[in-house]
Amino acid sequence: MNDSELNRMLKHAAAAPPAVVPHALEEGIMARVRSDDGRARRWRSFVQWLLILAAVSGIVTASVVGWAMASRDTTHTTPPTMELFRTGEPQ
């Protein structure tokens with residue numbers, strides 16, 4: 001295709017009348033749009049539940065890891081030795 005053919009085709013497309021949807025197709029299209037609304041609601045609900053479950057599983061995982069690390073920590077199981085109790089009265 002050369003420039004003149006492309007130019008002629010573009011002019012022909014620009015001069016063409018706008019496409020009009022027949023009345024019979026319009027009803028079918030609107031029915032499809034209504035049914036797609038239900039599909040969109042179900043999809044939105046699925047995504048919301050997926051995000052909620054991801055957040056809950058993250059919180060549960062963080063809690064389990066924190067509890068496991070805290071249960072193995074021996075820092076606070078024995079009180080620290082204080083200088084006063086080790087040497088007796090100061091001189």
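Residues numbered from 1 in each chain as written. Predicted model: local features only at pLDDT ≥ 70, side-chain atom pairs only at ≥ 80, totals over all residues. Heavy atoms only, no water.

**Student:** I'd like to hear about the overall build of the protein, residue by residue, with values.
**Tutor:** Across its full length, the protein carries three helices and zero strands. Along the protein, helices (α) and strands (β) appear in the sequence α-α-α when read from the amino end. Its C-alpha atoms put the protein at 110 × 40 × 20 Å along the principal axes. The proportion of buried residues among the 91 residues of the protein is 1%. Per element, the accessible surface of the protein, about 8,900 Å² overall, is 66% carbon and sulfur. Computed over 10 positive and 9 negative side-chain charges, the inter-centroid distance for the protein is 9 Å. (Helix = DSSP H or I, 4+ residues; strand = E, 2+ residues; numbered from the N terminus. Buried < 20%, exposed > 50% of the residue type's maximum accessible area, 1.4 Å probe, protein only. Areas by Shrake-Rupley, 256 points an atom, 1.4 Å probe, with all protein chains shown as cover. Lys, Arg positive; Asp, Glu negative; His and termini not counted. Charge placed at Lys NZ, Arg CZ, Asp CG, Glu CD.)

**Student:** Summarise helix H1 (residues 3-15); cite the residues concerned and give the values.
**Tutor:** The periodicity of an α-helix, 3.6 residues per turn, causes residues three or four positions apart to be oriented the same way. In this model H1 runs 18 Å from its N-terminal to its C-terminal C-alpha over 13 residues, within 8% of the 18 Å that 1.5 Å per residue would give. Counting buried positions over the 13 residues of H1 gives zero, only a small fraction of the element. (Expected span 1.5 Å × (residues − 1).)

**Student:** With reference to specific residues and values, describe the packing of aromatic side chains.
**Tutor:** The geometry of two aromatic rings is summed up by the distance between their centres and the angle between their planes. Taken as a whole and judged by the stated rule, the model has one aromatic pair. Between Trp43 and Phe46, the aromatic rings sit 5.6 Å apart at their centres with planes inclined by 35°, giving tilted as the arrangement. Of this pair, Trp43 and Phe46 both sit in helix H2 (residues 23-72), three residues apart, which is roughly one turn of that helix. Take Phe46: its relative accessible area is 47%, and that puts it in the partly exposed class. (Phe/Tyr/Trp six-rings, centres within 6.5 Å; stacked < 30°, edge-to-face > 60°.)

**Student:** Account for a nonpolar patch on the surface, with residues named and values stated.
**Tutor:** On the surface, a cluster of nonpolar side chains totalling about 590 Å² of accessible area is made up of Trp49, Ile52, Leu53, Val56, Val60 and Val64. Of note, Ile52 is situated in helix H2. (Patch = residues over 30% accessible without salt bridge, like charges linked within 9 Å, V, L, I, M, F, W, Y side chains within 5 Å. Salt bridge = Lys/Arg side-chain N within 4 Å of Asp/Glu carboxyl O.)

**Student:** Can you lay out the environment of Ile52 for me, pointing to particular residues and giving the numbers?
**Tutor:** You can call Ile52 partly exposed: its relative accessible area is 44%. C-alpha separation for the pair Ile52 and His12, spaced 40 residues apart in sequence, amounts to 54 Å.

**Student:** How would you explain the confidence of the model for the protein if you had to name every residue and give the values?
**Tutor:** In the predicted model, the protein carries a mean pLDDT of 82, and the fraction of residues at 70 or more is 90%. Averaged pLDDT values for the elements of the protein fall to 67 in helix H3 (residues 83-87) and rise to 88 in H2. (pLDDT = per-residue confidence, 0-100.)

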